[in-house]
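Results of the structural survey
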Amino acid sequence: MNKQEAVEELIKTVYNSNSDLILEEDEIKRLNDFFKSVDCTQDFEKICGENSIELIEISKLKSGRYEIEKQFNQNKALQPGILSECNYVETLAKIFKLNKCLDFDQTPINKVPLECRNYLNSGYQTFSAARYLYYSTSNPNIFIFQYGNPANGDAEIIINGNKVRIEFKERSAKAGEYDITGLYNDNGELLISEDFRKNTPEYIPLIKKFNEETNVIEQIGHNYSNFDEETKIKSVMEYFLRHNIDVIISSTSENELIVLTPKCLEIELPSGERVITTENSEIRTSGRNYGKIFTKDLFMKVLKDMNAVEISDSKYEVSLNNELVEIVNGRGTSTPSRIKFNKIFFVDINDAETSDDKVIFDIQDVHQLKPSISMHIKINGSKDELKQYFLNNNNN
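**Examining the overall build of the chain**
What the chain contains, in helices and strands, is 12 helices and 21 strands. Dimensions of the chain, computed from C-alpha atoms along their principal axes, come out at roughly 75 × 50 × 40 Å. Looking at the chain alone, contacts between residues at least 24 apart form 65% of all its contacts between residues at least 6 apart. Counting only carbon and sulfur atoms, one obtains 43% of the accessible surface of the chain, whose full area is about 19,600 Å². Positive and negative side-chain charges in the chain, numbering 47 and 64 respectively, have mean positions lying 4 Å apart.

**Section: the nonpolar core**
Leu10, Ile157, Phe299, Phe341, Phe345, Phe361 and Ile373 are the most contacted members of the largest nonpolar core, which totals 86 residues. Setting aside residues no more than four positions away along its own chain, Ile157 makes contact with Leu10, Phe96, Ile142, Phe143, Ile144, Asn162, Lys163, Val164 and Ile166. In terms of nonpolar packing, the next biggest core, distinct from the first, is built from 19 residues, Phe35, Phe44, Leu78 and Cys86 among them.

**A look at the layout of surface pockets**
Each pocket or cavity is described by its volume, and for the second largest pocket that value is around 410 Å³. Lining the second largest pocket are 17 residues; nearest its centre among them are Gly287, Arg331, Arg338, Lys340 and Leu369. Of all the elements in the fold, those that place two or more residues in the lining of the second largest pocket are strand 15 (325–329) and strand 16 (336–341). Top contributing element to the lining of the second largest pocket by residue count: strand 16, with 3 residues. When its residues are assigned to classes, the lining of the second largest pocket shows 2 nonpolar, 9 polar and 6 charged.

**Details of the packing of helix 1 (residues 3–15) against helix 12 (residues 383–392)**
In the contact formed by helix 1 and helix 12, the axes pass within 10 Å of each other and the chain directions differ by 145°. Regarding helix 1 and helix 12, the two cross each other, and that crossing is left-handed. Seen from helix 1, the contacting residues are Ile11, Val14 and Tyr15; seen from helix 12, they are Lys383, Leu386, Lys387 and Phe390. Split into classes, the residues belonging to the contact of helix 1 with helix 12 amount to 5 nonpolar, no polar and 2 charged.

**So, the pattern of salt bridges**
Per the stated rule, a full pass over the model turns up 22 salt bridges. Between Glu9 and Lys12 there is a salt bridge whose closest N-O contact spans 3.5 Å. Highlighted residues: Glu9 and Lys12, both in helix 1, separated by 3 residues, approximately one helical turn. The class of Lys12 is partly exposed, set by a relative accessible area of 47%. Note that Arg30 is salt-bridged to Glu57, the shortest N-O span being 2.6 Å. One end of the pair, Arg30, is in helix 2 (residues 25–37); the other, Glu57, is in the loop between helix 3 (44–50) and helix 4 (62–73), and 27 residues separate them in sequence. Overall, the relative accessible area of 41% leaves Arg30 in the partly exposed class. Among the charged side chains, a salt-bridge network with shared partners connects Lys70, Asp103 and Asp105.

**Quick word on the sheet that holds strand 13 (residues 309–310)**
Read across the open sheet, the 4 strands follow the order 13-14-19-18; overall the sheet is antiparallel. Pairing within the sheet leaves two strands with one partner each, and these edge strands are strand 13 and strand 18 (353–355).

**A word on the state of the cysteines**
Scanning the model with the defined rule gives 0 disulfides in all. Unpaired in terms of disulfides, Cys86 finds its nearest cysteine sulfur in Cys101, a separation of 8.3 Å. What makes Cys86 buried here is its relative accessible area of 0%.

**Considerations on the environment of Lys378**
Along the chain, Lys378 turns up in strand 21 (residues 372–379). Assessed through its relative accessible area of 37%, Lys378 is described here as partly exposed. It is 6.3 Å that separates the C-alpha atoms of Lys378 and Thr278, two residues lying 100 residues apart in sequence. With residues up to four places along the chain from it excluded, the contact list for Lys378 reads Arg171, Ser172, Val275, Ile276 and Thr277.

**Remarks on the pairing of strand 16**
Two elements, strand 15 and strand 16, share 5 bridges in a ladder whose sense is antiparallel. Bridging from a neighbouring strand, Asn329 pairs with Pro336 of strand 16. Where strand 16 meets strand 17 (residues 345–348), 4 bridges bridge the pair, whose relative direction is antiparallel. When the sheet's bridge partners are listed, Arg338 is paired in strand 17 with Asp348.

**Considerations on the side chain of Ser235**
Within the secondary structure, Ser235 is located in helix 10 (residues 229–242). When near neighbours in sequence (up to four residues on either side) are disregarded, Ser235 contacts Glu202, Tyr203 and Leu206.

**Overview of the packing of helix 2 against helix 5 (residues 82–95)**
Two measures define how a pair of helices packs: the angle their axes make with one another and the distance between the axes. Across the interface, helix 2 lies against helix 5 with an axial gap of 10 Å and an inter-helix angle of 145°. When you trace helix 2 past helix 5, the crossing you get is right-handed. Of the residues in helix 5, those in contact with Ile28, Leu31 and Asn32 of helix 2 are Leu83, Ser84 and Asn87. In the contact of helix 2 with helix 5, the residues fall into 3 nonpolar, 3 polar and no charged.

How each quantity is defined
Residues numbered from 1 in each chain as written. Predicted model: local features only at pLDDT ≥ 70, side-chain atom pairs only at ≥ 80, totals over all residues. Heavy atoms only, no water. Helix = DSSP H or I, 4+ residues; strand = E, 2+ residues; numbered from the N terminus. Contact = heavy atoms within 4.5 Å. Areas by Shrake-Rupley, 256 points an atom, 1.4 Å probe, with all protein chains shown as cover. Lys, Arg positive; Asp, Glu negative; His and termini not counted. Charge placed at Lys NZ, Arg CZ, Asp CG, Glu CD. Core = buried A, V, L, I, M, F, W, Y, C linked by side-chain atoms within 4.5 Å. Buried < 20%, exposed > 50% of the residue type's maximum accessible area, 1.4 Å probe, protein only. 1 Å grid on protein atoms, 1.4 Å probe; cavity = no way out; pocket = protein on both sides within 12 Å on 5 of 7 lines; lining within 4 Å. Points joined across faces, edges and corners; volume = space filled by probe spheres on them. Nonpolar A, V, L, I, M, F, W, Y, C, P; charged D, E, K, R; others polar. Axes fitted to C-alpha atoms, helices over the stretch in contact; angles between N-to-C directions. Left-handed = near helix turned anticlockwise from the far one by under 90°. Salt bridge = Lys/Arg side-chain N within 4 Å of Asp/Glu carboxyl O. Pairing = 2+ DSSP bridges. Disulfide = S-S within 2.5 Å.

If you want it as structure tokens, here you go:
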């Protein structure tokens, strides 16, 4: 069996099996919401005991329970999307009748089945690259590694010695957010760096389209999404291909596990709908990451527009009532964390002095939000529609 045959075996097995998810989407959401609301410094076992009815679903996910307990033991919140990943990988393991789950944080190397050890990616000596192993003693030719390292993908299923690289995506999910590392100039033109050309070349057409039609200054406070669907889908497809993703594992609205290949992302279903759509994909003029001011002339203009008063060489005073000034809360909290200037610049509230509706800050403490490309995908195909596609196109 070669690699392509292993991929085909995976696809055939999923589409010819009952692939109902172990937990439905709303159950995963309920668990995520519950653990967001709980103080992670509390004792995990005590929480489970006091909320046994609310948490009955988590007992169905071995790795999901391990992940929650580990995070609580470190006083950390759950990693976004991790319960969905555990749900997908354990459903896949169930389909292949892999009934054992090893936690690499708790397992010495001599307890790992010999036939599995040589297939672990780099870091296997300390298991830093892998989180869990799913296997069966009755079928040593098939097993799954679930990884926690982006360099290794989300998971790999080994079928008769062939590694099939897997990416997990929720049915409606963010496909990634990528800083535009060249940033932009004082005229608002997005710049393409060599780093961006090397690491995310599939998104260059989106940047070029943006620059042809608009600029960051015109779009401040808004996100730009005027891209045709064909271009966005092609970019997502090329991203998966370039990262050597063999298959994408997701689910349908009927809570069934499905498998896709990068090449099939651009096909049309019999209904005329695409397998995926990319609604809400956009260029964000102010993304989630930031750095020091990189458009100094633009910032000086913003200072002028805010009627800022220079107190010393680098300190300024601005009215908090100015329409370009905004106090924002920390993500997921009601506690003020930043003072924003014209949406794209900000100072940490702890680095500023506020009194009498004024804020005083040093330019050296001001940060500028980096622009980014935020990609989203939504799975539209049903399991039956996708099964028919793969039956008719077994080389995809």
